[in-house]
Amino acid sequence: NHGLLATLTDQALVRSAETWADIRDQLGPTPPQLFVNLSPDQLLSRVAVERLHHLLVATGLPPEDVVVEVTEEAMSTRFGEMLAVLNELRSNGLRIALDDFGSGYSSLGRLRELPVDVIKVDQSMVRGLETDERARRLLGAVSTMVRELDVECIVEGIETVGEATIVADLGFRYVQGYHFAM
């Protein structure tokens, strides 16, 4: 049910923002950022965008502490409308992350237009790193690209020590995956 999903997402957004606002000062002088996932429908309907704005005002959470994640696939449809929404979010101080990078069919040329602060490399680009030289070279090229674009990068799907070592050797600072969840 689409209505139920929207309600649950709204509740998760409210709870996340309120909880983060309560604990962020306990996380040190430079607290990590709060990442929130919003679907293309939510972004384009503007309901979640307005809700997020009101939450920031109500909680006093600085907009630059919040990163709105949008998937590469979400950017492939209604690109112009999505771009306008992302630019609006960014002009209000929020940060934008392009999630699942490398999993879809979007053009690299679109990165030039997107107001992204963070690129999250999809786990599919990590598979085989330990044995596949071509996979390592491809991820190395992504490392160079994000450095040249001056955006942060998170490599998703790290499951082994070997993958973590290779990714670190390629110059990536931020990773996530089951290897770190234990």
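Provided above is the structure to which this section pertains.
Every value quoted in this text rests on a predicted model; they were computed, and no experiment measured them.

Caption draft 1: Spotlight on the side chain of glutamate 69. If you trace the backbone, glutamate 69 turns up in strand E2 (residues 66–71). Side-chain polar atoms of glutamate 69 contact the side chain of lysine 120, separated by 3.2 Å. Leaving out residues up to four positions away in the same chain, glutamate 69 has contacts with Phe35, Val36, Asn37, Leu38, Ala97, Asp99 and Lys120.

Caption draft 2: How the structure looks around the pairing of strand E1 (residues 34–37). Judged by which residues are buried, E1 turns out to be one-sided: Leu34 and Val36 face inward and are buried, whereas Phe35 and Asn37, on the alternate face, are not. Bridge count between E1 and E2: four bridges; the pairing is parallel. Paired with asparagine 37 across the bridge in E2 is glutamate 69.

Caption draft 3: Seen up close, the nonpolar core. Among the nonpolar cores identified, the biggest contains 52 residues, and Leu43, Val68 and Val142 are the most heavily contacted of them. Ranked by the residues each element gives to this core, the list is headed by helix H4 (residues 79–91), at six residues. Ignoring anything within four residues of it in the chain, the contact list for valine 142 reads Phe101, Val121, Met125 and Phe172.

Caption draft 4: Structural context of the pattern of salt bridges. Counted under the stated rule, the structure contains ten salt bridges. Of the charged contacts, one joins arginine 24 and aspartate 65 as a salt bridge, the two residues approaching to 2.6 Å between their closest N and O atoms. Here aspartate 65 lies in the loop between helix H3 (47–59) and E2 and arginine 24 lies in the loop between helix H1 (2–23) and E1, a separation of 41 residues in the sequence. Just as arginine 24 is buried, aspartate 65 falls in that class too. One salt bridge in this structure joins lysine 120 and glutamate 156, with 3.5 Å as the shortest N-O distance. Within this pair, whereas lysine 120 is found in strand E4 (residues 118–121), its partner glutamate 156 is found in the loop between strand E5 (152–155) and helix H6 (161–169), the two being separated by 36 residues in sequence. Accessibility expressed as a relative area gives 5% for lysine 120, which makes it buried. Overlapping salt bridges, with partners in common, bring together Arg24, Asp25 and Asp65 in one network.

Criteria and cut-off values
Throughout, a residue's number is its position along its own chain's written sequence, starting from 1. In view of the model being predicted, local features appear only for residues whose pLDDT reaches at least 70, and side-chain atom pairs are presented and counted only at 80 or more, with totals across whole chains, interfaces and linings using the full set of residues. Where side-chain values are given, they derive from all heavy atoms of the structure, hydrogens and water being excluded. Comment: elements are numbered from the N terminus, with helices defined as DSSP H or I runs of at least four residues and strands as E runs of at least two. Identification of polar contacts relies on pairs of N or O atoms within 3.5 Å, with a donor-acceptor requirement for protein atoms, meaning one able to donate a hydrogen and the other able to accept it, and with residues adjacent in sequence counted only if both atoms are side-chain atoms. In this analysis, two residues are considered to be in contact whenever any of their non-hydrogen atoms come within 4.5 Å of each other. Here's how the labels work: a residue is buried when its accessible area is under 20% of the maximum for its type, exposed when over 50%, partly exposed in between, all with a 1.4 Å probe on protein chains only. By this definition, two strands are paired if DSSP reports at least two bridges between them. Among buried residues, the Ala, Val, Leu, Ile, Met, Phe, Trp, Tyr and Cys ones that are joined through side-chain atoms within 4.5 Å form a nonpolar core. For this document, the term salt bridge refers to a Lys or Arg side-chain nitrogen within 4 Å of an Asp or Glu carboxyl oxygen.

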